[in-house]
Amino acid sequence: MHRLVTAAVATVLTAASVPLLGSTTAVAADAVTTTDGCLQSVPDPGTTAPVDICFTLFRPAGATKDQPVPMVLHSHGWGGSRTTDPSAFAYLTDAGFGVLSFDQRGFGESGGHAYIENPDVEGKDVQEIVDLVAAQDWVKKQKPGDPVLGAIGGSYGGGYQFVGAFSELRDTGATRFDALVPEITWNSLTDSLFPQGVPRTEWASALTAAALPTDALPPIVLQGFAEAAATGNVPSYLYDFLDKNGPEWHVRQGRKLDIPVLFSQGETDNLFPLHQGLENFAGALTDKARARSIFVGYNGGHTLPALAPAGSNFDIPLATSDACSPVLGSPNFADLGLRFLQQNLQGRKSGLTGFGAYHLTTAGGRCVTVPSVTPSKDVPLGEVVSTVGAGAPIAYPVAQGPLTIAGTPSLDATLTTLGLDNRAFLALSVGTSPLDAKIVQNNMLPIRENGLVIDKPRTGVELPSVAVDVPAGQTLFLTVSPISDMAAGFGSRVVGAMRMRDVVLHLPVTQN
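Note that this is a predicted model, so its numbers are computed, not measured.

Enquirer: Account for helix α3 (residues 122-134), with residues named and values stated.
Expert: The end-to-end C-alpha distance of α3, which contains 13 residues, comes to 18 Å, matching closely the 18 Å that a straight helix rising 1.5 Å per residue would cover. Burial within α3 is extensive, with 10 of its 13 residues counted as buried. Every buried residue of α3 is accounted for by Glu-122, Gly-123, Asp-125, Val-126, Gln-127, Ile-129, Val-130, Leu-132, Val-133 and Ala-134.

Listed below in structure tokens is the structure:
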């Protein structure tokens, strides 16, 4: 429960007797009114004290009980804090939306630790925020307690959207969100941070460092990352801590969202890669919702340079990083998001097209639209051999250009290993020869096999999802490497070898 302590704020935020702390500022007589406050949410697990979740509420000019407006929630990325400057949301408030930006648990002025979008913790925080919004008499509602509601935000600011909507679906059978616009966020935290149980070292270190100034992470997470760094293996308690914290867990429980979602996912993102967004689009929505949703992939996101092996697109020009928003009629993704919210929250005809499809910017900056990202062509490669633990990458030729790949490749193989914990890293690459072939859009994924095995079948081994035009005169390669700098220190701890026979590569080839 919240406590109401400021009479001045009560005049703005007392509907349904919602208690909060805060102050109100009229930015201009005919402009946005801002209100800063905090509400109380559930205690951190294992504690009893309620946790403050702090926010800034932006009420647009003309929003009244008689002329209510839809609301858009916003929150920040990992290590950040809420936005308090009204000009940052002028494109929304000028279009007739209210906005609420909030500090997530463990960050900014909010209390507690960050449980990394746990449905029993941050899920409850978001539900409290929605209750607060629903109590404002100037917010448009579909029925009492159910505001007309959208959400925006990237990375961790995309994670709150899914934990809020899915936790409501779990707890009440329906969500009060009417449309989401998540950017560069995840489907599964464990698959993102520890694909095949191999930690992404650089990102684990960066995320831990970003949380230190506010002591945001619970001790169990810090302990888990330290143990993984020391042993090369992820402790089971860390998996258990993170397992619920993403759409993939809810889908496993049989839940899917039945609301439209506009996705933006980074293709050169090597924390939450393109595949994470593709999984959300394909698996986290009902068929009906997907038909009303749009997927946009661009060259960007959480991007660290891939140097070992060498990657491409780290320095792609901004002008060509998102070729698909312009194809869909907007100069940038923010404008596309505004049109999406106008259509779904205000009922305006905004001329949107491209529903139910994947719109992917290739590594060269061209927009490719495809109805599916699953493989459509099989390419036999024969035998592929790699050292593990040490050695140089090897690039195996796959196909000559021109051709376009857009989606998620995979391979089947018969595996023989000569080590104790065998880890090699796979990716598609493009070049004129094996010597200059560069990893497409910076990502590699591990193939891992424990112990000695002889002729063990492995099917459906996924490679990083990509969108790339292979021009005439260049070749598409499969690069196999014993190391990847995204997982520095977490290749095989013992030198050995991995042989894959009867390799068949499955490619999502498109004619677009």
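On we go from here.
Enquirer: Before we move on, could you go through the sheet that holds strand β16 (residues 403-407) and cite the residues and values that matter?
Expert: Strand order in this open sheet of 3 strands is β22-β16-β25, and the pairing throughout is antiparallel. Two strands lie at the open edges of the sheet, namely β22 (466-470) and β25 (509-510), each paired on one side alone. Bridge analysis of β16 against β25 gives 2 bridges, and the strand direction is antiparallel. Among the inter-strand pairings, Ile-405 is bridged to a residue of β25, identified as Val-509.

Enquirer: Could you give an account of the pairing of strand β23 (residues 475-481), with specific residues and numbers?
Expert: Most of β23 is tucked away, with 7 of its 7 residues classed as buried. Alternating positions in β23 separate into two faces, Thr-475, Phe-477, Thr-479 and Ser-481 on one and Leu-476, Leu-478 and Val-480 on the other, with burial throughout. Inspection of the sheet shows strand β15 (residues 394-400) paired to β23 by 6 bridges, in the antiparallel sense. Pairing of Gln-400 across the sheet is with Thr-475, part of β23. The pairing of strand β18 (residues 421-431) with β23 spans 7 bridges and is classified as antiparallel. Within β23, the residue paired with Gly-431 across the bridge is Thr-475.

Enquirer: Which residues make up unusual backbone geometry, and what are the values?
Expert: The step from Gly-401 to Pro-402 runs through a cis peptide bond, and the omega angle for that step is 5°. Checked against the element boundaries, Pro-402 lands in the loop between β15 and β16. Positive phi, close to 40°, is recorded for Ile-184, a residue that is not glycine. Mapped onto the elements of the fold, Ile-184 is located in the loop between β9 (179-183) and α5 (189-193). What makes Ile-184 buried here is its relative accessible area of 14%. A positive phi is found at Asn-442, a non-glycine position, where the angle reads about 75°. A residue is classified by how much of its surface remains accessible, and Asn-442, at 3% relative accessible area, is buried.

The rules behind the values
Residues numbered from 1 in each chain as written. Predicted model: local features only at pLDDT ≥ 70, side-chain atom pairs only at ≥ 80, totals over all residues. Heavy atoms only, no water. Helix = DSSP H or I, 4+ residues; strand = E, 2+ residues; numbered from the N terminus. Expected span 1.5 Å × (residues − 1). Buried < 20%, exposed > 50% of the residue type's maximum accessible area, 1.4 Å probe, protein only. Pairing = 2+ DSSP bridges.

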